[in-house]
Structures are given as C-alpha cells and as structure tokens.
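Listed here are the chains, written in short residue letters.
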Amino acid sequence: MAFSLLLTACGGSTGNDSSNQTGVNNKDSFHNGKNIAPKIKAEDFENSIFVTRGNERAAASFSVFKKDRTGVEYLSEFMNTTSSGNLLTWDVDDNALNVSYNGGNSFYTFKAEETQGNIISGRRSGGGQAPHKAFLFKALPLSIDKLKNKIIKYDLSHLTTETNPRGCTVRTLKFVGDNKAVFKEICNNESWAYIEVELQVRLAYGLNNIIELSFTGWDGAENKILMSLITGGLEDSGEFASVKSGEYKGVDIEKFTIVNKEAF
C-alpha cells in the first residue's frame, strides 16, 4: 500500500505537451543554452539520461544511454499506466540517434534539428509511428549534496478525482542528510489522512544526475524510484522525471517548488 501511495505522490502526469519548455535556459546545460543547429555526437549520450514528454503520438520515456552502447528505456504508454522497461542498443550517425530494441526487431531514429538549453528537438521516425516532431530533454546536473535539506512540494493542480482518489491536498519530499528522504502527504481520507514514508537515497548507475529512492513496502518488498531533474532548478522550481520499479514502470513528469515547510 505504501508503494502505491508513493507512486501517486510522485507521479500522476506524463506531461502531455511536448512543446512545454519551461526553464530550459540554464547556462550550464546542454550546448550552453544556445539556440543553434546541433551536431550531436555519441559522447553527448554516453552515460546520460534523456527524457521525452508524452503526447497523443509519442509516449513519455526515461532512457538511460550507457557508454557501452547499451541501455534501457522506461516507457509510459499514452493512456496506459502499465508499461515496462525495454533493453536497447544505440549509436549516433550523421547527426541522428539510432535506437534498437529486441535484437533489432524494433527501432527508432531521432534526427536532431535544434537545441535550446538542455533540449534537443528534431524528427523521430520508426517504431510503428509516422515521423513526428519530438523533444529530448537531457537530465540536468543533480546530486545528493544539492538535494540535502531541500523540501520539494509537488504541484497537485493537474490531478483529477481519478488520479487523486483520496483527495490529497499537500505532498512534500524532504531530503535529510546524505542518505535519507521523508515523504509526507495530507489527504481528505478518514483512513489515510496523514501519510509518512521514509526512503533511502543514493546515486543511481554511478551517475551524478540520477537519484535513486528506495523503501521497503508493507508487504516486505523493496521498491525503487529513479528521479532526474529536467527543467528549472533546486533554488526555486522545476520538473522532475521519475520512473518506478515493480509492476508499474511508467514515466511521470512532475512540477515542483522548493519550500521551507513539510506537509505536516
């Protein structure tokens, strides 16, 4: 039960507007924040995380591109919350990212056209879809040290009765010390009015821009959440992309603000 609560807390939105580019003019991000025609290279993707935003033609995704040209893409199917991680291989050739799944039986190609901040825009083709405009969000720098003592308050304004059945009104996540975070939630529910879950925190995959949150559910199973910053920053507001372990591996993109007080 605790895990399902936290899934709802940290998720509930796949950001169904691929043109939303809030907070991308970070001078330390991809291509120095310049709006230029890119020349992408393989090293731009090595050991990096890229996220797409979902819309009616393309699902939101959270992809890990490893230096050895392997990786995994966690996919959130449009209008379907039960999806899984797909193992992949990849390369870059002629300014295009080529990704294959299932031993090459499925693939897509992303042809880069422009960059703005940490976003590469271009045309995506293959994978059973017609060619369409797509945006790749490169994960912004994120470390445990930067998160320490920060309190994240999630934006719940997009939730509906279906996605927020307990009528939750406040959700926060506080990072304590080097390896702990505390999630708190206030809901309009007699049985679950005040929720508190303690999570362990560490860097995931040995990279500086993925944080792994884990906790043991009431059923004794270990649960994990991978989280990356894709817009904004930790001084004010932005968006996190996250993916969870277990049966549900959908990608959630959540707006947040930094506050001084936990939910309770």
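Residues numbered from 1 in each chain as written. Predicted model: local features only at pLDDT ≥ 70, side-chain atom pairs only at ≥ 80, totals over all residues. Heavy atoms only, no water.

1. Observations concerning the sheet that holds strand 14 (residues 222-232)
Part 1: Read around the closed barrel, the eight strands follow the order 9-10-11-12-13-14-15-16; overall the barrel is antiparallel. In this sheet, neighbouring strand axes are inclined to one another by 35° on average, regardless of whether the strands run parallel or antiparallel.
Part 2: Bridge count between strand 15 (residues 237-244) and strand 16 (residues 251-259): seven bridges; the pairing is antiparallel. The residue of strand 16 that forms the bridge with glutamate 239 is lysine 255. (Pairing = 2+ DSSP bridges. Helix = DSSP H or I, 4+ residues; strand = E, 2+ residues; numbered from the N terminus. Axes fitted to C-alpha atoms, helices over the stretch in contact; angles between N-to-C directions.)

2. Remarks on the nonpolar core
Part 1: Formed by 25 residues in total, the largest nonpolar core has its most connected members in Ile152, Leu173, Phe175, Leu213 and Phe240.
Part 2: Where this core is concerned, the elements lending two or more residues are helix 2 (144-147), strand 9 (151-154), strand 10 (168-176), strand 11 (180-187), strand 12 (194-203), strand 13 (211-216) and strand 14.
Part 3: The element that contributes the greatest number of residues to this core is strand 12, accounting for four residues.
Part 4: Counting 20 residues, the second largest nonpolar core, distinct from the first, contains Ile49, Val51, Ala60 and Phe62. (Core = buried A, V, L, I, M, F, W, Y, C linked by side-chain atoms within 4.5 Å. Buried < 20%, exposed > 50% of the residue type's maximum accessible area, 1.4 Å probe, protein only.)

3. A word on the state of the cysteines
Part 1: Scanning all chains against the criterion turns up one disulfide.
Part 2: Across the disulfide from cysteine 168 sits cysteine 187; the S-S distance is 2.0 Å. Torsion about the S-S bond of the cysteine 168 and cysteine 187 cystine: about 85°, corresponding to right-handed handedness. One end of the pair, cysteine 168, is in strand 10; the other, cysteine 187, is in strand 11, with 19 residues separating them in the sequence. The two residues cysteine 168 and cysteine 187 agree in class, both being buried. (Disulfide = S-S within 2.5 Å.)

These figures capture arrangement, not role.
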